[in-house]
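Working through the structure, step by step
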Amino acid sequence: MRFFKQNGGMLLQQQIASYKGVQDIAKIFTIKELKRATQNFHKSQILGQGGFGTVYKGILSGGKVVAVKKSKIMDKAQIIQFINEVDILSQVNHRHVVKLLGCCLETEVPLLVYEFVSNGTLYQHIHSENKAAILSWENRLRISAESADALAYLHSSHSIPIFHRDVKSSNILLDDKYNAKVSDFGASRLVPLDQTQKTTLIQGTHGYIDPECLPTGQLTDKSDVYSFGVVLAELLTGKNPVFIDESGERKALAWYFVSSMKDGNLFRILADGIVDNDGNRQQLLVVAEIARNCLEDRREDRPTMKEVARDLDTLKMMYQEPSSQQIQEETDFSLGGLSASSMDRTHEIDSW
């Protein structure tokens, strides 16, 4: 009971109870259940490790496979973050957001229990030589559209807007059919509708952080848009968000990508094998332009996640059309939906 109280159990119970029907979503697990499920948190069950802790694979008594997240340490600030993650995910129900099954508060370090997503992270698939080879353009495009759809839902379709605040390829999980699931909401922040959509706590990952937040410390929905633009650039180029170029110089992918597009060099920096024989060149141009729009320095010049999701979903639907003529016509229509300056820049690149 001491740990339950110490870990914010009372607060969590109050918050869960305030959401109608949420009790059915967020279950309180016992430590006995989770020890049995993870072979007492054996190292062979580790799925991944990061700054916030370790994630273990577990099998519950009924046979359900889960992922158990165990934080490294838990000071008062982290307890608030933990409660925040449970609070947020208890309210979210979207096919491309990792589902929270519940938590355990009986240990010194609280535990979160999620649905198990079987195929690792998008980061692993982009940057592993073996996996990148099987990550087709069709899969990359669909993963982009699904991830954007999840973020757009968090920003604008949810009853209370949610900023993820740490959008990156390692926080996008893939299932066995390469469907995307956005994860890791530890840094997320619910934004009451009657408040300015800003937060002054800078969190995120180097290479993905919105440059406009550095002088002011303010993160907004457009900060997620910028980070998502970096993910799109990763998918297109196969490069890390911060990488070492041929001359040994350290470079930010966002700057490198935007500069290459400006110079008309997009097709020279694309990942190997991404251009196929089915005429996806125009689609690559459109996705590259969406990425560049997301990476605009000024927030007001960036699109919303809803606009990004709409454009990527339209493009994804086109890819599935059997008629190349129809794809071309619809792609041209999609380009017409971009701003005039974007349209000019796309044709500029197309002249390569």
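The rules behind these values
Throughout, a residue's number is its position along its own chain's written sequence, starting from 1. Local features in a predicted model are, by the rule used here, given only for residues with pLDDT of at least 70; side-chain atom pairs are given and counted only at 80 or more, and totals for whole chains, interfaces and linings are based on all residues. To get the side-chain values, all heavy atoms of the structure are used, and hydrogens and water are removed first. Secondary structure elements follow DSSP: runs of H or I of four or more residues count as helices, runs of E of two or more count as strands, with numbering from the N terminus. Three exposure classes are used, based on accessible area relative to the maximum for each residue type with a 1.4 Å probe and protein chains only: buried under 20%, partly exposed in between, and exposed over 50%. In what follows, a contact means two residues having at least one pair of non-hydrogen atoms within 4.5 Å. We get accessible surface area from the Shrake-Rupley algorithm with a probe of 1.4 Å; when it comes to residues, only the shown protein chains can shield them. Two strands pair if DSSP finds at least two bridges between them. When the centres of two rings from Phe, Tyr and Trp lie within 6.5 Å, Trp using its six-membered ring, the rings pair. Their planes under 30 degrees apart give stacked, over 60 give edge-to-face, and anything left gives tilted. The term salt bridge refers to a side-chain nitrogen of Lys or Arg lying within 4 Å of a carboxyl oxygen of Asp or Glu. Count a disulfide wherever a pair of cysteine sulfur atoms falls within 2.5 Å. Among the buried residues, those of types Ala, Val, Leu, Ile, Met, Phe, Trp, Tyr and Cys that are joined through side-chain atoms within 4.5 Å form a nonpolar core. Polar contact is defined as a pair of N or O atoms within 3.5 Å, subject to the rule that within protein one atom must be able to donate a hydrogen and the other to accept it, and that residues adjacent in sequence are counted only when both atoms are side-chain atoms. Comment: axis = line fitted to C-alpha atoms, over the contacting stretch for helices; angle = value between 0 and 180 degrees taken between N-to-C directions. Should an angle fall under 35 degrees it is taken as roughly parallel, and over 145 as roughly antiparallel, whereas 65 to 115 is taken as roughly perpendicular and any remaining angle as oblique. Here a crossing is called left-handed whenever its near helix is offset anticlockwise from the far helix by less than a right angle, and right-handed whenever the offset is clockwise. Asp, Glu, Lys and Arg are counted as charged, while Ala, Val, Leu, Ile, Met, Phe, Trp, Tyr, Cys and Pro are counted as nonpolar; the rest, among them Gly, fall into the polar class.

Moving on, we get to the overall build of the chain. Looking only at helices and strands, the chain features 15 helices and twelve strands. The buried share of the chain, reckoned over its 352 residues, is 53%. For the chain, long-range pairs separated by at least 24 residues make up 65% of all intrachain contacts whose partners lie at least 6 apart in sequence. If you sum the accessible surface of the chain, you get close to 16,800 Å²; carbon and sulfur atoms cover 50% of it.

Let us now look at the sheet that holds strand 5 (residues 100-104). In space, the six strands of this open sheet follow the order 1-5-6-4-3-2, with mixed pairing throughout. The sheet is open, and its two borders are formed by strand 1 (27-28) and strand 2 (46-50), each paired with just one other strand. As paired elements, strand 4 (residues 65-71) and strand 6 (residues 111-115) share five bridges and run antiparallel to each other. Residue pairing in the sheet places Val66 in a bridge with Glu115 of strand 6.

Scanning all chains against the criterion turns up two aromatic pairs. Between Phe41 and Tyr56, the ring centres sit 5.2 Å apart and the planes meet at 75 degrees, which makes this aromatic pair edge-to-face. Here the residue Phe41 occupies a position in the loop between helix 3 (31-37) and strand 2, and Tyr56 occupies one in strand 3 (residues 53-59), the gap between them amounting to 15 residues. For the pair shown, Phe41 and Tyr56 are each scored as buried. Relative to Tyr256, the ring of Phe243 lies with its centre 5.0 Å away and its plane at 75 degrees, an arrangement referred to as edge-to-face.

So, about unusual backbone geometry. The phi angle of most residues is negative, glycine excepted, and most peptide bonds adopt the trans form. The backbone of Asn40 shows a phi angle near 60 degrees, a positive value even though the residue is not glycine. Located in the positive-phi region is Tyr178, a residue other than glycine, with phi close to 65 degrees. Note on placement: Tyr178 falls in the loop between strand 8 (172-174) and strand 9 (180-182).

The next thing to look at is the pattern of salt bridges. One pass over the structure, following the stated rule, counts 14 salt bridges. In this structure, Lys69 and Asp184 form a salt bridge, with 3.3 Å as the shortest nitrogen-oxygen distance. Placement of Lys69 in strand 4 and of Asp184 in the loop between strand 9 and strand 10 (189-190) is noted, with a sequence separation of 115 residues between them. Classification of Asp184 as partly exposed rests on a relative accessible area of 22%. In this structure, the salt-bridge partner of Arg95 is Asp149, at a minimum N-O distance of 3.5 Å. Taken together, the residues span a long stretch of sequence, with Arg95 in the loop between helix 4 (76-91) and strand 5 and Asp149 in helix 7 (residues 137-157) at a distance of 54 residues. Overall, Arg95 belongs to the exposed group, its relative accessible area being 59%.

With that settled, consider the environment of Ile79. Looking at the secondary structure, you find Ile79 in helix 4. Given the relative accessible area of 14%, Ile79 is considered buried.

A few words now on the state of the cysteines. This structure, assessed with the given rule, holds zero disulfides. With no disulfide of its own, Cys103 lies 7.6 Å from the sulfur of Cys104, the closest cysteine sulfur. Residue Cys103 is classed as buried on the basis of its relative accessible area, which comes to 1%.

Another point: the nonpolar core. Ranked by size, the top nonpolar core spans 73 residues in total, and within it Leu122, Phe228, Leu236, Phe257, Leu266 and Leu312 carry the most contacts. Residue contributions to this core peak at ten residues, all from helix 7. Setting aside chain neighbours within four positions, we find Phe228 in contact with Ser144, Ser147, Ala148, Leu151, Val167, Met305, Val308 and Leu312. Membership of the second largest hydrophobic core comes to 13 residues, among which are Ile31, Val66, Val68 and Val113.

We now examine the pairing of strand 3. Where strand 2 lies against strand 3, four bridges are found, and the strand directions are antiparallel. Bridge pairing in strand 3 links Gln49 to Thr54. Hairpin connection from strand 3 to strand 4: five residues lie between these consecutive antiparallel strands, with Gly63 at a positive phi of about 100 degrees.

Attention now moves to the side chain of Thr54. For Thr54, the position within the fold is in strand 3. Excluding anything up to four places from it in sequence, Thr54 contacts Ile46, Gly48, Gln49, Val68, Lys69 and Lys70.

Lys69 gets classed as buried once you look at its relative accessible area, which sits at 12%. A distance of 3.3 Å separates polar atoms of two side chains, one belonging to Lys69 and the other to Asp184.

The next thing to look at is the packing of helix 9 (residues 221-237) against helix 10 (residues 253-262). At their nearest, the axes of helix 9 and helix 10 sit 10 Å apart, and the two run at 70 degrees to each other. Taken together, the axes of helix 9 and helix 10 are roughly perpendicular relative to one another. Helix-helix and strand crossings are classified by hand; for helix 9 and helix 10 the assignment is left-handed. Every residue of helix 10 that contacts helix 9 at Tyr226, Val230, Ala233, Glu234, Leu236 and Thr237 is listed here: Leu253, Ala254 and Phe257. The residue makeup of the contact of helix 9 with helix 10, split by class, is seven nonpolar, one polar and one charged.

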